[in-house]
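# Structural features, examined
Listed below, chain by chain, are the residues.
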Amino acid sequence: MEELGRKAGPSLRSRMSTATVMQNEQEVPEKVKILLVDDTPENLVSLEAALDGLGEELVLARSGMEALRFLLEDDFAAILLDVKMPDMDGFQTAELIRSRKRSRHTPILFLTGYKSDEHLFRGYDLGAVDFLFKPIVPEILRSKVGVFVELSRNTALLRRQTEVLGKAELKFRSLLEAAPDAMIISSEDGRVSLVNSQVEIMFGFRREEIVGQDIRALVPDWSGKVPLGQDPKAYGYSGSPKELWACRKNGHQFPVEISLSPLQTAEGLLVTSAIRDITERRRADEAIRELNATLEQRVAERTEELLRSNEALRQSNDDLNQFAYAASHDLQEPLRMVALYSQMLQRKFGDKLGPEADQFISYVVGGAKRMEMLLKDLLAYSQTGSSTEGPAEPVDCLDVLRKVLLNLQASIEQNGAIVTWDALPTVHAHEIRLVQLMQNLVGNAIKYRSEEPPRIHVIAEPRGQDWLFSVRDNGIGIEPEYQQQIFGIFKRLHGQNYPGTGIGLAICQRIVERYGGRIWVESEPGQGCRFCFTLPAAFTEPQTESGFSPEPVRASAS
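So, a few notes on the structure that sits alongside this text. (Residues numbered from 1 in each chain as written. Predicted model: local features only at pLDDT ≥ 70, side-chain atom pairs only at ≥ 80, totals over all residues. Heavy atoms only, no water.)

### A closer look at unusual backbone geometry
Of the consecutive residues Lys 134 and Pro 135, the connecting peptide bond is found in the cis state with omega at -5 degrees. Considering the arrangement of structural elements, one finds Pro 135 in the loop between strand S5 (130-133) and helix H6 (138-178). In the Ramachandran plot, Asp 87 falls in the positive-phi region, its phi being about 65 degrees despite a non-glycine side chain. By the secondary structure assignment, Asp 87 is in the loop between strand S3 (78-82) and helix H4 (90-99). A residue is classified by how much of its surface remains accessible, and Asp 87, at 86% relative accessible area, is exposed. (Helix = DSSP H or I, 4+ residues; strand = E, 2+ residues; numbered from the N terminus. Buried < 20%, exposed > 50% of the residue type's maximum accessible area, 1.4 Å probe, protein only.)

### Digging into the sheet that holds strand S4 (residues 108-112)
Spatially, S2-S1-S3-S4-S5 is the arrangement adopted by the 5 strands of the open sheet, whose pairing is parallel. Each of the sheet's edge strands pairs with one partner strand only, and the pair in question is strand S2 (57-61) and S5. Neighbour-to-neighbour, the strand axes of the sheet open up by a mean angle of 20 degrees, direction not taken into account. Running at roughly 140 degrees to S5, helix H5 (residues 117-125) makes contact with S4 and S5 of the sheet. Sheet strands in contact with H6 are strand S1 (33-37), S3, S4 and S5, and its direction is about 155 degrees off that of S5. (Pairing = 2+ DSSP bridges. Axes fitted to C-alpha atoms, helices over the stretch in contact; angles between N-to-C directions. Contact = heavy atoms within 4.5 Å.)

### A closer look at the nonpolar core
Residues Leu 434, Phe 469, Phe 531 and Phe 533 are the most contacted members of the largest nonpolar core, which totals 46 residues. In terms of residues, this core owes the most to one element, helix H13 (residues 431-447), which gives 8 residues. Not counting residues within four places of it along the chain, the set of residues in contact with Leu 434 comprises Val 395, Cys 397, Val 400, Val 427, Ala 429 and Leu 535. Formed by 22 residues, the second largest nonpolar core is a distinct cluster that contains Ala 61, Phe 76, Met 85 and Leu 120. (Core = buried A, V, L, I, M, F, W, Y, C linked by side-chain atoms within 4.5 Å.)

### Here we look at a nonpolar patch on the surface
On the surface, Met 337, Leu 340, Tyr 341 and Met 344 cluster together into a nonpolar patch covering about 370 Å² of accessible area. Examined against the element boundaries, Leu 340 turns out to sit in helix H9 (residues 279-353). Using a relative accessible area of 39% as the deciding quantity, one classes Leu 340 as partly exposed. (Patch = residues over 30% accessible without salt bridge, like charges linked within 9 Å, V, L, I, M, F, W, Y side chains within 5 Å. Areas by Shrake-Rupley, 256 points an atom, 1.4 Å probe, with all protein chains shown as cover. Salt bridge = Lys/Arg side-chain N within 4 Å of Asp/Glu carboxyl O.)

### Details of the sheet that holds strand S16 (residues 519-523)
Taken in spatial order, the 5 strands line up as S12-S14-S15-S17-S16 in an open sheet, and their pairing is mixed. The outermost strands of the open sheet, each flanked by one partner alone, are strand S12 (418-421) and S16. Pairwise comparison of adjacent strand axes, ignoring direction, gives a mean angle of 20 degrees for this sheet. Across 7 bridges, the pairing between strand S14 (residues 455-463) and strand S15 (residues 466-472) is antiparallel. Looking at the pairing, Ile 459 lines up with Ser 470 of S15.

### Notes on helix H14 (residues 504-514)
Buried within H14 are the following residues: Gly 504, Leu 505, Ala 506, Ile 507, Cys 508, Ile 511 and Val 512. Following H14 by one or two positions, Gly 516 has its phi on the positive side, about 80 degrees.

### So, the packing of aromatic side chains
As enumerated under the stated definition, the model contains 7 aromatic pairs in all. Clustering of aromatic rings is evident, with ring pairs tying together Phe 91, Phe 110, Tyr 124, Phe 131 and Phe 133. Directly above the aromatic system of Phe 254 lies the positively charged group of Arg 248, at a separation of 3.8 Å from the ring centroid. Stacked on the ring of Trp 520, the Lys or Arg Arg 518 has its end atom at 4.0 Å from the ring centre. (Phe/Tyr/Trp six-rings, centres within 6.5 Å; stacked < 30°, edge-to-face > 60°. Lys NZ or Arg CZ within 6 Å of the ring centre and 35° of its normal.)

### Structural notes on the side chain of Asp 38
Among the structural elements, Asp 38 can be located in the loop between S1 and helix H2 (41-51). Discounting residues that sit within four places of it in the chain, Asp 38 has contacts with Asn 43, Leu 44, Ala 61, Arg 62, Asp 82, Met 85 and Lys 134.

### What to know about the pattern of salt bridges
Between side chains of opposite charge, a pair can form when the charged atoms approach closely. Tallying each qualifying case throughout the model produces 25 salt bridges. Where Glu 209 meets Arg 206, a salt bridge forms, and the shortest distance between an N and an O atom there is 3.9 Å. In this structure, the salt-bridge partner of Glu 280 is Arg 283, at a minimum N-O distance of 2.8 Å. With Glu 280 and Arg 283 both in helix H9 and 3 residues apart, the pair spans about one turn of that helix. Exposure remark for Glu 280: the relative accessible area of 54% places this residue in the exposed category. Taking relative accessible area as the criterion, Arg 283 reaches 52% and is therefore assigned exposed. What emerges from the salt-bridge pattern is a single network uniting Arg 206, Glu 208, Glu 209 and Lys 249.

Honestly, it's all geometry; don't read function into it.
The following block contains the structure:
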């Protein structure tokens, strides 16, 4: 018998090795094990030969004790057990097999040469599934064992599927528990089958009190059915969440946001309801609405105050401008009279009054002329930006510069100045104000000259919806600490060394700001100045005319 065991072993391993290669090559199902138990070697050989055609793994045991040892290590699709064996017969072995939980349901086919009712009753009572009587017909044996082999495969498959489903269900439950919202799974008619812990927290019910009940006990207006022809999004399916009222166990109602997700299963449609308590959000929305209403009221009140203030300011500015205009205009006539009669007095009585009187009269005449100039500049400042000027229009800056050079022709010739310019654009403004602006800047560049003849260059560059102008000169320059002060009214840095009233740059600033621009200066002492300002474009191409102006003006376009 030991020799039989040694011979059977290699043969079995050889078949297992061959079967493994075939499985890898052909992807055949995994082999199952069949336990053959008989104390007679010849019977084991004949059983092995009969079942070899099934292609499964055959394990041979020569006694009941050896069979039990195999059962401790492996599971078997079927056990062929000889009834008559020494020491421990088949019935005793079967009783021990059935006593173990792991092998309690393993199919046992008894092999016997005696057909008696006593054997049959005892065998079936021990859980036998069939009896095979010797001599055994190989075809019948293979047929019956094949049924249990297939049954074993199906059972193993079901077991694996159950494990997979169990893991999937465990993962699903874990995800459900990890969700921040209350999650309820119900049928289409609202019968609850599964909930997470957030449901217990939100509604105050225990889980067992909810499962099996109607979800409408929690959300009275819940509906898992979509009427025919209606948009599912309007019912919370895969669209914007729907806002409803929910009810806690204590009867308290509170607002919730609910989203529905359908899942079609073999048992029918399941609906997952994600429920979120929006009580705090409602309070915040209400607070925001109240705040917005308060802010709107305050803005309306403030706007009304600003409108009144603007109207008062406009009226005040109009009154101030009218006063400045009237003052400067009405004061000019008395000043002319003072200057005129002072000059007449000097001509008629100058030689009789003496040198000192003649000097005093010259002071009066000079002061009157300076006062007249100051009043003229003040009048110009008050009229800058007046609402009577009418709407702004496209203005060709090249034409503006030509008029400025013509107005300053005498000063240009006297100082030997050279004025050049690049291509100049068309801007949205008033021509008279641009002439005033350019004339002040070019005139200042000539006035505040250095020892060298004045050289002035005018350029314009696009800056978005605006144009950036710059007027560069080679004059005496300005100290950095005074570069903001010079735009103030009556601000002069050089006293009586240079003629003027200190209003010119203030007028320039007022003109530029009138059109929404800004003006500034870049300068260092002895290095000249670069006055920059911005003006709105008129959406036309810049003029590209170039060339020198008439020689007497000594101006040119580069």
